[in-house]
Amino acid sequence: MHPDARNLIAVRVVVVTTLLIGSLIIQYTVAQFLPINYVYVTAGLTYALTLIYIGLAQVIHSRRTILMIQIGGDLVVETFLVYFTGGLDSPFSFLYLVSIITASMLLQRRGGILAASGAVILYGVLGDLMYYNLLPLPEQSWFVPTPWTSSRLYLNMATNFAGFYATALLTSYIAEKLQKTTEELDANRQNLLELQAVNQNVVESIPSGLMTLTQYGTVSFVNPAGCQILQVVPLTVVGHHITELPFFDPAEWSQVRDELKRGAVVRREKGDFPVNAGVRCIGYALTPLRTIEGGSYGYTLIFQDLTEMKKLESELRLKDRMAAVGELSAGIAHEIRNPLAAIAGSVQVLKSSASLSPQEQRLMSIVLKESERLNKSIAEFLRFVRPQERVPAEFDIAGTLAETIDLLANSSEVQANHTLQRDIVPPSFIINGDPDQIRQVFWNLARNAIQAMPHGGTLTVRTVVDERQYHILFTDSGHGMSDAGLRALFTPFRTNFPSGTGLGMAISYRIVQDHGGRIDVESKEGVGTTITVTLPAAKHSERSGESTKTPRESHVAAV
Ligand code: ADP
Ligand code: MG
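Residues numbered from 1 in each chain as written. Chains lettered and ligands numbered in written order. Predicted model: local features only at pLDDT ≥ 70, side-chain atom pairs only at ≥ 80, totals over all residues. Heavy atoms only, no water.

(A) Summary view of the domain arrangement of the chain. Taken as a whole, the chain is organised into domain 1 (3-182), domain 2 (207-305), domain 3 (311-385) and domain 4 (393-536). Domain 1 and domain 2 are separated by 69 Å when their C-alpha centres are compared. (Domains from an automatic or database assignment.)

(B) Layout of the site of ligand 1. Ligand 1 sits among 20 residues. The nearest are N448, T495, N496, T501 and M505. For ligand 1, an oxygen atom lies 2.5 Å from a polar atom in the side chain of T495. N496 is positioned such that a nitrogen or oxygen atom in its backbone is 2.6 Å from an oxygen atom of ligand 1. Considered on its own, ligand 1 offers 530 Å² of accessible surface; in the complex 96% of this is hidden by protein. Its residues assigned to classes, the shell around ligand 1 comprises seven nonpolar, 11 polar and two charged. (Near = heavy atom within 4 Å. Polar contact = N/O pair within 3.5 Å; in protein donor to acceptor, adjacent residues only side chain to side chain. Areas by Shrake-Rupley, 256 points an atom, 1.4 Å probe, with all protein chains shown as cover. Nonpolar A, V, L, I, M, F, W, Y, C, P; charged D, E, K, R; others polar.)

(C) Main features of the pattern of salt bridges. The tally for this structure, following the rule as stated, stands at 17 salt bridges. In this structure, R268 engages E259 in a salt bridge whose closest nitrogen and oxygen atoms are separated by 3.8 Å. The exposure class assigned to E259 is partly exposed, which follows from its relative accessible area of 21%. A cluster of three or more residues bridged by salt bridges with shared partners is formed by E252, E259, R268 and K270. (Salt bridge = Lys/Arg side-chain N within 4 Å of Asp/Glu carboxyl O. Buried < 20%, exposed > 50% of the residue type's maximum accessible area, 1.4 Å probe, protein only.)

(D) Looking closely at the sheet that holds strand β3 (residues 266-275). In spatial order, the strands read β2-β1-β5-β4-β3; together these five strands make up an open sheet with antiparallel pairing. A strand with exactly one partner marks an edge of an open sheet, and here the two such strands are β2 (219-222) and β3. Taken over all neighbouring pairs, the strand axes of this sheet differ in orientation by 25 degrees on average, direction set aside. Across five bridges, strand β1 (residues 209-213) lies against strand β5 (residues 296-305) in antiparallel orientation. Residue pairing in the sheet places L210 in a bridge with I302 of β5. Contacting β1, β3, β4 (278-290) and β5, helix α7 (residues 250-261) runs over the sheet at an angle of about 155 degrees to β3. (Pairing = 2+ DSSP bridges. Helix = DSSP H or I, 4+ residues; strand = E, 2+ residues; numbered from the N terminus. Axes fitted to C-alpha atoms, helices over the stretch in contact; angles between N-to-C directions. Contact = heavy atoms within 4.5 Å.)

(E) Representation of unusual backbone geometry. A cis amide bond, omega -5 degrees, links V425 with the succeeding residue P426. For Q108, which is not glycine, the phi torsion reads 60 degrees and is therefore positive. Examined against the element boundaries, Q108 turns out to sit in helix α4 (residues 94-131). Exposure remark for Q108: the relative accessible area of 26% places this residue in the partly exposed category. The backbone phi angle of N133 is positive, close to 60 degrees, even though this residue is not glycine. Mapping N133 onto the fold places it in the loop between α4 and α5 (150-205).

(F) Molecular detail of the sheet that holds strand β11 (residues 518-524). Taken in spatial order, the five strands of this open sheet run β7-β9-β10-β12-β11, and their pairing is mixed. Looking at which strands have only one partner, the edges of the open sheet turn out to be β7 (418-423) and β11. Going from strand to strand, the sheet's axes swing by 10 degrees on average, the running direction of each strand aside.

(G) Spotlight on the state of the cysteines. Per the counting criterion, the structure on display carries zero disulfides. Considering cysteine sulfurs only, C281 is the nearest to C227, which forms no disulfide, with 20 Å between them. The class for C281 is buried, based on a relative accessible area of 10%. (Disulfide = S-S within 2.5 Å.)

(H) Expanded view of the packing of helix α2 (residues 37-59) against helix α3 (residues 63-84). The interhelical angle for the contact between α2 and α3, taken along N-to-C directions, is 170 degrees, at an axis separation of 10 Å. Between α2 and α3, the angle is such that the two are roughly antiparallel. Each of Y38, V41, T42, L45, T46, L49, Y53, L56 and A57 in α2 lies in contact with α3, whose residues at this interface are I66, I69, Q70, G73, D74, V77, F80, L81 and F84. Looking at the contact of α2 with α3, its residues break down into 13 nonpolar, four polar and one charged. (Parallel < 35°, antiparallel > 145°, perpendicular 65-115°, else oblique.)

(I) Spatial organisation of the confidence of the model for the chain. Averaged over the chain, the pLDDT score is 86; the fraction of residues at 70 or greater is 93%. Low pLDDT (under 50) marks residues 541-559, which in the prediction has five contacts with non-local residues, meaning those over four places away or in another chain. (pLDDT = per-residue confidence, 0-100.)

(J) The arrangement of the pairing of β2 in detail. Strand direction decides the pairing type here: β1 and β2, joined by three bridges, are antiparallel. Residue pairing in the sheet places L213 in a bridge with V219 of β2. Connecting β1 to the antiparallel partner β2 that follows it, the hairpin turn spans five residues, and G217 within it adopts a positive phi of roughly 95 degrees.

Here it is as structure tokens:
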């Protein structure tokens, strides 16, 4: 059964029952003269109709039809009541209005007009029948029928009919308005829910950290990405003042707030942002949080971890610089070498002339010797800045490393107060690359480590193998590097070592780069330095089945 039909039935039963009980109470307590037969009849009629409605509702499923039938039935019952209580004199004619209002509310304007028309017909016919005495007055003792004139009859009818229709139109208008408002409200509520869901999703899933602050600077919300970036849980942040986090210290905060008041967006970057015992580079922007009306009720803080990006950026910049330096130096070296060859050649010819004094002979020899030395230096330098074609081969990198350390241990650089520790496991590991170049890298790094410990110390060389990479770590207990030193580490010709050229790290960088690897540096002034070389493991360690074939083929191709 449709809920509207059911409700109407329920309300009707309640109203009629209340009327019945009320009448009975009055009848047996106060006014024992009330002839209440008509109440019984009305109530009985209504109960009977109710049963019929319930029965009909099982067969008729159209809400409109079942409601129309009920309201029609009500109108008939009301007409009976009006008849029993004095016809045109009855005070119960207002009951028609109740049915008309019900119809207008439940069935809109058409239902209302229909009910009003029904009421007009029933009331009109009843009134006419009674007026013309075609219908006898019921036996009633409690009301005195008044004599009716025809003009009074028509005035009564006209006012009642106008009232019925006016009620129908007005109620249905209000009902429709109500319906429309309800629908709009529902739609708006739905939109709001959707918007909330979208907002929630956006806030939860953006990769940037997002915090909202109250106007006093207390954190009121932080999104999951924010927690991830700061390595915190919301509980430790929400409800705390922003100055308890490393974004702003109290002085900075009041200054930032002044800036925001002037309408600026505050953008900052902190390279030494402490996160979970380490430091990260965090970029953040603070903006006022505005309500739709334009009022401000706090701030939003959006932040991102820029550490990886910065690292990548500086690596790229370094790569660029190295490439440029390489080209430039090679070009200059060439420009020197050619004239040098001409000079040396000419002096050689002059030197063989017999007319030279021994003094002149000696000077010429110096020129020749020096140009020879210069040429060698340049050749060396060229080899450094433009490493010779890589000859890729499979070789035992662990063996090469051990040999290089041995070599260094026996060189004059290593003093008695230097300790060399090695932890090379496994003792043999095959990678693909140029063994000479790799040896050069190891030599440069190990020698730097020793040179960084002029008063003695320990150099530890350690290897770590993971799935696809081979890491070699050179850890010294030397004087370390300042931030500026660290930044200039790979820049050619920057040296702090007494006999340095400033090329070692630049060349090592280039070689490792060529091998598809990377160099990472960690240094603390006065404590020491760890330089990590990471090289890709030979491919065949990943695809063991075809291991022997491919390298040999490629080797043949290279030859
Ligand atoms: P060189 O050894 O000729 O000076 P490098 O390119 O090898 O040139 O090194 C550049 C500079 O980097 C050094 O002069 C030194 O200041 C610094 N450096 C390199 N390795 C270390 C280290 N292990 N500890 C401290 N400083 C280092
Ligand atoms: Mg060096």
